[in-house]
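Working through the structure, step by step
Here are the chains, one letter per residue:
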Amino acid sequence: MNYRGNFHGEAIPCAVDWARDWFSADDRQRIARVFMRWIGHNLTATVSGMDHPEPVGVTNDPVLFEPKNRLRTALNNFSTSHMRNILFMATVLDAGDEPSAAQYGADNKLAHLGYGSLGDYVHNATGAWLYTVDEALRRYAAGGAPAEGFEYNASGVARIAETYLALHTTGHDDTAIHGPQVLPQNNAFWDAVIPAYLHLISPTPGVIADFNWLGELYQPANYGDMESYYVPDFTSLFGPLGVRALLIGDGARLDVLRWLVMHTAPGGAARLFTRASDVTHARTALFYYMLFDPSDPPPSDPRPALALHHHAPGINAVSSRTGWGDDARWLTWLLPWNDIDHQHGVGNSVQFWRKGEWITKEWSGYGYSASLSSFKNTLAIGNDPATGTLDFIHQAQAQGSQQPYVAAGDPTLIARSDGPDFTYVTGDAANLYNTDGRFASQDVLEARRSVFWLKPDVLFVFDRARTGNEGRFKRFWLSFFTQPSIQGQHALVTTPGGQSVAVDTLLPVGAMPQADASRPWYDLDDPSSGDQTATGDESAWRLRVDAPGDPADATFLHVVQARDHVGQHLIPTLVTSIAGADFQGAALGDVAVLFATDIRALPTQTTYRVDAGVTRHYVTGLDPAQTYDVTAASVGGGKELRIRAASGGWPTDAAGVLAFQTVGRRAVTPLPGGVDAAFTTTPMDQIAVPDPLPDDSGGGGDSGSGGGGSPPPDVDGSLTDLVIPGLTPDFDPAVTEYTIPMPAGGAVPVTATLADASLRLFIQSAEVQSGAVWTAWVGDGKSIDIVIYFGWTEVGRYTVTPVGGSAPAPEPEPQPEPVPQPEPAPQPAPAPTPEPAPQPEPAPVPAAGALSDLVVPRLSPAFDPAVKHYSVPMPSSGSVPVTATLADPTLKLYIQSAPIASGATWNAWVGDGRAIDIVIYREWTEVDRYTVAPQ
């Protein structure tokens, strides 16, 4: 229910629906009893900690919208899967197929509310689950861009689409009975989801080396966990939306969805039949069959009718482009909230595409290291040391990253503007760097970025990083595929496609850019631990700029130019105000772009000087409620511009951008501002103000575990039992320090039982159920920390330290399915099935084996190509990095059914006891296999 139901949870009820007449009356009653039990599990099932509506059983009541994090988790892929599964099991049998209400007994979890049959749970699926999903989409995914990132777009949102289709085909999409949430057309998200998708993918496809056998692939503007870097097949989302459009007669939408499935999935139209015949996921194959009638005309490309600018306010995503063809330029900027699984530290991240390739993009990957802001084309900012014992919080703080799960509050998009000549956006991410009050990392006062894209080829990027204390580092990061060449404040990059990129650092004064080749290793200090970079992402270098002296207040200004050839770059110069409010900016050629140093002050006047050749001026950060007079005067060989608020002057655009041009040295005339522009309604003094301390931290699948405040004075944070082989001294609840002999295998089973079952138990930073067995790794001398929390407040701790030599390895015990709160559970990408081909005889395999190397942390025994079976200790995170290298690179490598490039790292999920199968093919004949089993 917790994990596996996410992928094929619809399969059993669908099979029962299709094969109903083959079952006897007794069979149907038995199936009904099983479904009732499973529905009961789904009501409170949890993987990420808060992924079910609470209070359980309440329907159509706004109490389900609180707290904020629980409502947001309604968008998590596990949560939407539980919703779908409940609805499917509630609708596939007829009333006459069920036993009496009394026969369900304790399996009917809502019998006390009058639920007597499976069909009654339609009210729960629509009134609790879909009710919260509908609200969450409106608040936190408005504009059609899902919260969890690109990879999970095709799963989490797909489950919602499948739910709508099931409601329609079973006749339960009646708003008079179940409310407006049962119709997708009642939520604007579903009108925006297609434009948002198209604005999140590259203008054109191309070949990605690691996946060249798939043909041409679109590339995503990614912003969350990603294992394979390309736009996957979204038929799981577009299929149910398309079939529903077909059934209700919406031909226009059906045509668009058919085009998306035909052209944007891997391989495009050329591989349509290959994808449609792939029965790895039968659901997807069926949707292909239902979507495409051979007699239908080819679908039309919907993109020419779309606006070139898209704003998704739910996650503060802005996408702007010059077109959809080979020559297109494309800018994306992101400032999302960060509270649920699979989200990364991407606040204020900028990405830029030009002429068929990325100029710079975030470094995509899967895992906590890959999620750090230092890999996301944004700032890293030093902060107060975090309290508590959760490793991922300390790692984020140490790296100056935005915090996953426990951010102090939401960021603020302050202004955005798009017009024919420029796109401008500015936002503050300070709340994302700070933790909430439970973890005490709260020294970031401002983390504001302003990006001004002077179309088509120049970005001006202005950052202000401000902390309450000196000595906090402030660091600018920008990722590239190739190594930057640096001379002073000037960096030059040649892209793989031969384009030239110049990055000039104008602020901070005295900053020295440097090239950094470090990668998001599983353990940042240990390259042998594995690389969390997504397969297919060619990011290899980062430009790093530190504010000298680690001041409390630092400003960064970078000018990024992308050109066809090196000789086309212009030399930017720094422009600063000389009177009035403090503005900083740059002049490049005939253009000057300025930014308000303190945008929160809504400045009303400033004066600055530029060279005589500067004729176009864009001054950002002004008060959009004011009008301004602009005067120009000759000064020496240049000109002086004075801007001041005045009644009857020129208005800025709605984002506070004043655009004008000078003719000669004096005359001034206005230029067009942004056509699509807006300014925040958040009061300036409320930007970066943290949320109140959470009063519900979720977890455990219950509603009573308390929040993040002070625990009651009588809370019992002790254990009643602790079972570990060789524990010394014997367990006593009052004794908190123990030792064990070092086990031969490096791993040891731990069973801890809480005195108060409503509290939360963590073993080596992983949440574990009270009384369940957890396999702890101590082979590297790591101690076993057993910590008890009330909400997120620590109320008890026991430490077990391995000492001395080895003890006999314990017999492996069943490993419980993990509840990775807050560790996200990786979800392996499906392996596409290739076109059927003649099966050649396999070529002889070298006696030594088909792998030349296999790197898995703590692999036992040591790798030998001739040895086919290995073991690894069960990792606390549930996943382990695997790097396999083929002896013959012409063969094909699959790890856990996913195609992997030889020598690339794959994060394999083993948390549910799943083995790691490493299979080598010649064409599609298996020639060798290795198995790594978790213990």
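The following paragraphs examine the structure supplied in this document. Just so it is clear, the structure is predicted and the values come from calculations on it, not from any experiment. Residue numbering note: each chain is counted from 1, following its sequence as written. Only residues with pLDDT of at least 70 are given local features in this predicted model, and only at 80 or more are side-chain atom pairs given and counted; all residues enter the totals for whole chains, interfaces and linings. Side-chain numbers come from the whole structure's heavy atoms, not from hydrogens or water.

What about the nonpolar core?
- By size, the foremost hydrophobic cluster in this structure holds 98 residues, and its most contacted members are Y121, W190, Y197, L237 and L260.
- Counting residues per element, this core draws most heavily on helix 7 (residues 121–140), at eleven residues.
- Between two residues, a contact is recorded if the distance between any of their heavy atoms is within 4.5 Å. Once you skip the residues sitting within four places of it in the chain, L260 turns out to touch I194, Y197, L198, F238 and A265.
- Here, the term nonpolar core denotes a set of buried Ala, Val, Leu, Ile, Met, Phe, Trp, Tyr and Cys residues that are joined through side-chain atoms within 4.5 Å. Residue burial is assigned from relative accessible area. The probe radius is 1.4 Å, only protein chains are included, and a residue is buried under 20% of its type maximum, exposed over 50%, and partly exposed in between. Membership of the second largest hydrophobic core comes to 66 residues, among which are V318, F476, L543 and L588. Numbering of helices and strands runs from the N terminus; a helix is a DSSP stretch of H or I covering at least four residues, while a strand is a stretch of E covering at least two.

Thoughts on the sheet that holds strand 4 (residues 349–354)
- In space, the five strands of this open sheet follow the order 1-2-3-4-5, with antiparallel pairing throughout. The outermost strands of the open sheet, each flanked by one partner alone, are strand 1 (309–312) and strand 5 (357–360). Ignoring strand direction, the axes of neighbouring strands in this sheet form an average angle of 15°.
- If DSSP finds at least two bridges between two strands, the strands pair. Sheet topology note: the strand 1/strand 2 (residues 317–321) ladder contains four bridges and is antiparallel. Bridge pairing in strand 2 links H311 to V318.
- Throughout, an axis means a line fitted to C-alpha atoms (over the contacting stretch in the case of helices), and angles, computed between N-to-C directions, take values from 0 to 180 degrees. The strands touched by helix 10 (residues 189–199) within the sheet are strand 1, strand 2 and strand 3 (329–334), with strand 1 carrying the most contacts at an inclination of about 115°.

A look at helix 8 (residues 150–169)
- Helix span is expected to be 1.5 Å times the residue number reduced by one. With 20 residues, helix 8 extends 29 Å from end C-alpha to end C-alpha; this agrees with the ideal 28 Å at 1.5 Å per step.
- For a residue, the bend is simply the angle between two axes, fitted respectively to the seven-residue segment ending there and the seven-residue segment starting there. Considering bend angle alone, the principal kink of helix 8 is centred on A158 and spans about 35°.
- By the criterion of burial, helix 8 is predominantly enclosed, with 18 of the 20 residues buried.
- Once helix 8 ends, the next one or two residues include G171, with phi positive near 80°.

Some remarks on the side chain of D428
- Note that D428 resides in strand 8 (residues 422–428).
- Throughout this description, a polar contact denotes any pair of N or O atoms lying within 3.5 Å of each other; where both atoms belong to protein, one of them has to be capable of donating a hydrogen while the other can accept it, and for residues adjacent in sequence the pair is counted only when both atoms sit in side chains. Within the structure, the side chain of D428 is placed 2.9 Å from the backbone nitrogen of A430, a separation counted as a polar contact.
- Residues in contact with D428, not counting those within four places in the same chain, are L335, N348, P411, T412, I414, E446, A447, R448, R600, I687 and A688.

Focus: the environment of L759
- Along the polypeptide, L759 turns up in the loop between strand 33 (747–754) and strand 34 (760–763).
- With near-sequence residues (within four places) excluded, L759 lies in contact with V715, D716, G717, L754, I788, Y789, F790 and V795.

Focus: the packing of aromatic side chains
- Between 30 and 60 degrees the pair is tilted, below 30 it is stacked and above 60 it is edge-to-face, where a pair is any two Phe, Tyr or Trp rings, Trp via its six-membered ring, whose centres lie within 6.5 Å. Applying the stated criterion across every chain, the model contains 33 aromatic pairs.
- Note on W363 and F375: the rings are 5.3 Å apart at their centroids and 80° apart in plane angle, and the pair reads as edge-to-face. Pair noted here: W363 is in the loop between strand 5 and strand 6 (379–381) and F375 is in the loop between strand 5 and strand 6, with a separation of twelve residues, a long-range link.
- Between the aromatic rings of Y368 and F392, the centroid separation amounts to 5.3 Å while the plane-to-plane angle is 10°, which identifies the pairing as stacked.

Quick notes on the sheet that holds strand 22 (residues 591–596)
- If you trace the ten strands from one edge of the open sheet to the other, you get 27-25-26-23-20-21-22-24-28-29, paired in mixed fashion. Of all the strands in the sheet, just strand 27 (650–651) and strand 29 (667–670) have a single pairing partner and so form its edges.
- Across three bridges, the pairing between strand 20 (residues 573–580) and strand 23 (residues 605–611) is antiparallel. Each bridged residue has a counterpart across the sheet, and for S577 the counterpart in strand 23 is Y608.

Observations regarding the packing of helix 7 against helix 8
- In contact at an axis separation of 12 Å, helix 7 and helix 8 are set at 130° when each is read in the N-to-C sense. In terms of orientation, helix 7 lies oblique with respect to helix 8. The chirality of how helix 7 crosses helix 8 is left-handed. Between helix 7 and helix 8, the contacting residues are T126, L130, V133, D134 and L137 on the first element and I160, Y164 and L167 on the second.
- When residues are sorted by character, Ala, Val, Leu, Ile, Met, Phe, Trp, Tyr, Cys and Pro go into the nonpolar class, Asp, Glu, Lys and Arg into the charged class, and all the rest, Gly among them, into the polar class. By residue class, the composition of the contact of helix 7 with helix 8 is six nonpolar, one polar and one charged. Note on angle classes: values under 35 degrees are labelled roughly parallel, values over 145 roughly antiparallel, values of 65 to 115 roughly perpendicular, and the remainder oblique. Each crossing is labelled by how the near helix is turned from the far one, with a counterclockwise turn of less than a right angle marking it left-handed and a clockwise turn marking it right-handed.

Structural notes on the pattern of salt bridges
- We count a salt bridge whenever a side-chain nitrogen from Lys or Arg sits within 4 Å of a carboxyl oxygen from Asp or Glu. A complete count under the given rule lists 48 salt bridges for this structure.
- Across the salt bridge formed by E135 and R139, the nearest N and O atoms sit 2.8 Å from each other. Of this pair, E135 and R139 are both found in helix 7, four residues apart, which corresponds to roughly one turn of the helix.
- The exposure class assigned to E135 is buried, which follows from its relative accessible area of 18%.
- Here R139 falls in the partly exposed class, since its relative accessible area comes to 36%.
- Linking D676 and R416 is a salt bridge whose minimum nitrogen-to-oxygen distance equals 3.0 Å. Note that D676 is positioned in strand 30 (residues 676–679) and R416 in strand 7 (residues 412–418), a separation of 260 residues in sequence.
- D676 gets classed as partly exposed once you look at its relative accessible area, which sits at 31%.
- On the accessibility criterion, R416 (11% relative accessible area) is buried.

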